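Here's the letter readout for the chains.
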Amino acid sequence: MRLDKYLKVSRIIKRRTVANEACTNSHVEVNGRIVKPSYDLKIGDVVTVSFGEKTLSFRVLGLDEKTRKEKAQEMYEVISQN
């Protein structure tokens, strides 16, 4: 699944266009590397997203194309949150 779509489906970022811009502006890393919005995520990847001064790191647990709001948090495991 594309990185920008995953960020939207998992509800880490509310809109796909915003997720796309975050990736384009180097605010998202996967396994320690800055990647493009089209990066193909895999289960087990560690993603780090920078929101201004805050940072969220999480591990990908699922790649569902569609999910309910209640189940969105089951798609990832938070590693650290600053």
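The structure we're discussing is the one just above.
Every residue gets a number counted from 1 within its own chain, in the order that chain's sequence is written. Local features are withheld for residues below a pLDDT of 70 in this predicted model, meaning they are given only at 70 or higher, and side-chain atom pairs are given and counted only at 80 or more; totals for whole chains, interfaces and linings count all residues. Computation of side-chain values covers all heavy atoms of the structure but excludes hydrogens and water.

### So, the environment of T67
Here is step 1: What counts as a helix is a DSSP run of H or I of at least four residues, what counts as a strand is a run of E of at least two, and both are numbered from the N terminus. Take T67: it is sitting in the loop between β4 (54-60) and β5 (76-81).
Here is step 2: As a C-alpha pair, T67 and I79 span twelve residues in sequence and 22 Å in three-dimensional space.
Here is step 3: Not counting the four nearest positions on each side in its chain, T67 is found in contact with V9, R11, A72 and M75. Only heavy atoms enter the contact rule, under which two residues are in contact if any of them lie within 4.5 Å.

### A word on the packing of aromatic side chains
Here is step 1: Here a Phe, Tyr or Trp ring, Trp counted by its six-membered ring, pairs with any other such ring whose centre lies within 6.5 Å, and the pair is stacked when the planes are under 30 degrees apart, edge-to-face when over 60, and tilted otherwise. Evaluated as defined, the whole model comprises two aromatic pairs.
Here is step 2: The interplanar angle of 20° and the centroid separation of 6.3 Å between the aromatic rings of Y6 and F58 together place this pair among those described as stacked. Of the two residues, Y6 is situated in helix α1 (residues 3-9) and F58 in strand β4; the sequence distance between them amounts to 52 residues.
Here is step 3: Linked through ring pairs, Y6, F58 and Y76 together constitute an aromatic cluster.

### Here we look at the nonpolar core
Here is step 1: We call a set of buried residues a nonpolar core when its members are Ala, Val, Leu, Ile, Met, Phe, Trp, Tyr or Cys and they connect through side-chain atoms within 4.5 Å of each other. Here's how the labels work: a residue is buried when its accessible area is under 20% of the maximum for its type, exposed when over 50%, partly exposed in between, all with a 1.4 Å probe on protein chains only. Formed by 22 residues in total, the largest nonpolar core has its most connected members in L3, Y6, L7, V28, L41, V47 and F58.
Here is step 2: Elements that contribute at least two residues to this core include exactly α1, α2 (16-24), β1 (28-30), β3 (46-51) and β4.
Here is step 3: Ranked by the residues each element gives to this core, the list is headed by α1, at four residues.
Here is step 4: When neighbours within four sequence positions are excluded, V28 is seen to be in contact with L3, L7, A22, C23, R33, I34, V35, V47, T48 and V49.

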